[in-house]
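Below, each chain spelled out in residue letters.
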Amino acid sequence: MPKVEGKGLCNGFVYELEHQGCCNGQVYTLYMEQCCGDILVLPRYDEELRPLQCCEDVAVYNSETESCITDRIWPFPKANARECGFTWYDNREFGCRDNELVPYGAPPGIRFCGVEQPVQYDESEQECCGGQLIGPGQTCCNGIIHSTPGTPLKGGRCCGYAAYNPTSQVCCLDQVHDGDVSTTACCRGQAYDTTLSNITCCGGRLQRRSPEDTECSKEHGIVHRPDEIVCDMIKRRRNNDHEQCCGTELYNPLNEQCCDGFRYDMTEGNACCGKQVYRTDSMMCCDKVLYEGTEGRECCGHSSYDPKTQECFTTGGKQFVLGKEGEARHAFCNSSHPDSANQTCCDGILYNGIVECCGNQAITDPSTFCCSDQVQMKIHGDDTTCCPSGRVINRRIESCDAESGENGWPLLVKSTPLMRPFARREKSCNTATM
C-alpha cells in the first residue's frame, strides 16, 4: 500500500496520525485515551476530567490522590507513601514500628494486621502472622500459622518448616521430638535421653558404650577407653602417652618415623618422601620422588635438575625441565619476552601471532570459545555460554542456577508470566507508518 501523508497503518487499519495512535494493534484517540506500556489502551481522564497516568502497563491512576508502586495502585499520593514490612502506607494516618503499622495517637501496644483491610489489635493479647491474627497455642514461622498447644503468646519456636513447644519438645536439625527437655539432647537429627549411661553421642552418631568407654573420637565417631586411640577406625591400646597413629598401627615418634602410614626406624632416615624414608644429607625429595645426590640440584615438580645447564618452566599447572640451549625451550616464554607485535604468551606457552589466550591454549577458530581455561566448541552458536563449573549450556533455555545442586546440572528455565492485579495483553508488532 503506497504511503499517504498523515496516515498510519495499525494491524491492517488506516488511522489519522494527528489525532489517533496505534497501541499493540489497536487504534485509539489521542485526546481521550493513552497507550500504557505499548500494550494496553486506557482512559486519559477520569469521570471528573481529572488527568490520569499509566501505572506501568496494568492500569491508570490519579497522581494527586493515588500512587503507583510495584505495579499496584495505592489510595494515597506518592509524596505520603512509606514502606513498612511487606506493605506501603499513608504517613498521614499511620506509622511503622517493628515492620508493623501503628495508628497515630494509638496507645502503646496497638498494632495493625493485614494489608488490604488492616485490623487493629493489642500486641499483648494477639500476634500478627501473614496478615492474620493469632493467640496463645499458636506460633508464627515465616508467615505461616502453626498449632503449638500449651504455648503462651509468642512462646512457641520454629523448627525448619514446623513449630514446637520448647517446654515439652526439642528441635534437632529441623526435626521436632517430644521429651523431657531437661534430660533430652540432640545428636544431629536424633534426640536421646542423657540419663541413659549406655548411650552417648559421638561424632554425630548415637552409640552404645560400656562404663569404660568415656572418651570420644569425634573425627571417627567411635567411643573408646582413656588408654586407647582410634587409628583409621580401629581402636588401639597405647603402651605410653607418646604413641601415636601411623595408618592403622601405633608408633613411637621418639624412635620411629611415620611416612604416609608406613613405620620406619629412626636410623633409616630423618625425613619422609611420600611413603619412603630418606636421609636429607645424601638424597633429595621432589614431589614424593627420591633422587641420589643433592649438591647443586633443585626440584622442578617431581623432577630433579641442574640449574647451571637446565631451566624449569611452568605452564598449565605443570612443570617441565628443559635445557638452556635447544629448539624446545623456544616454545616457552617464562624467561623471555615475546615479540608483542607478532607473538602471544599464554600461561608460559609461546604462540606466533596475536591470539586470544585460554589457559595455556590459543583460540584461533571463531567457532570455539574459552570455558574454565579449556577451549570448547560453540555447540549452541551465539547462545553458547559457560557455567562456573565449566559446563557448556544454551543460555536461552538453560541456567547455571543449579550449579550448587547435585551433579551441578543446569536447570531448564521455563518462562512464566509475572502475577499482576490486572489482566494484561500481549504486545503486537503490527504497527507501521504509511
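Reading guide: rules and limits
- Residues numbered from 1 in each chain as written.
- Predicted model: local features only at pLDDT ≥ 70, side-chain atom pairs only at ≥ 80, totals over all residues.
- Heavy atoms only, no water.
- Helix = DSSP H or I, 4+ residues; strand = E, 2+ residues; numbered from the N terminus.
- Buried < 20%, exposed > 50% of the residue type's maximum accessible area, 1.4 Å probe, protein only.
- Disulfide = S-S within 2.5 Å.
- Pairing = 2+ DSSP bridges.
- Contact = heavy atoms within 4.5 Å.

What about unusual backbone geometry?
Right, on to step 1. We note that asparagine 142 has phi near 55 degrees; this positive angle belongs to a residue other than glycine.
Right, on to step 2. Tracing the sequence through the fold places asparagine 142 in the loop between strand S19 (138-141) and strand S20 (144-147).
Right, on to step 3. We classify asparagine 142 as exposed; its relative accessible area is 75%.
Right, on to step 4. With a phi close to 55 degrees, serine 372 is a non-glycine residue in the positive phi region.
Right, on to step 5. As for its position among the elements, serine 372 is in the loop between strand S49 (368-371) and strand S50 (374-377).
Right, on to step 6. Using a relative accessible area of 42% as the deciding quantity, one classes serine 372 as partly exposed.

Notes on the state of the cysteines
Right, on to step 1. Counting across every chain of the model gives 22 disulfides.
Right, on to step 2. Note on cysteine connectivity: cysteine 36 is disulfide-linked to cysteine 54, with sulfurs 2.0 Å apart. Judged by the sign of its S-S torsion, about -75 degrees, the bond between cysteine 36 and cysteine 54 is left-handed. Of this pair, cysteine 36 sits in strand S5 (residues 33-36) while cysteine 54 sits in strand S7 (residues 53-55), and the two are 18 residues apart along the sequence.

Focus: the pairing of strand S39 (residues 283-286)
Right, on to step 1. Alignment of S39 against strand S40 (residues 289-292), held across four bridges, turns out to be antiparallel. Each residue of the ladder has a partner; that of cysteine 286, found in S40, is valine 289.

Comments concerning the environment of valine 230
Right, on to step 1. Relative to the helices and strands, valine 230 resides in strand S31 (residues 228-231).
Right, on to step 2. In sequence terms valine 230 and cysteine 216 are 14 residues apart; their C-alpha atoms lie 9.3 Å from each other.
Right, on to step 3. Excluding anything up to four places from it in sequence, valine 230 contacts Ser217, His220, Ile222, His224, Lys235 and Cys245.

Notes on the side chain of arginine 111
Right, on to step 1. Considering the arrangement of structural elements, one finds arginine 111 in strand S15 (residues 110-113).
Right, on to step 2. For arginine 111, a relative accessible area of 3% corresponds to the buried category.
Right, on to step 3. Not counting residues up to four positions away in its chain, the partners in contact with arginine 111 are Arg97, Asp98, Glu100, Leu101, Val102, Val119, Gln120, Tyr121 and Glu123.

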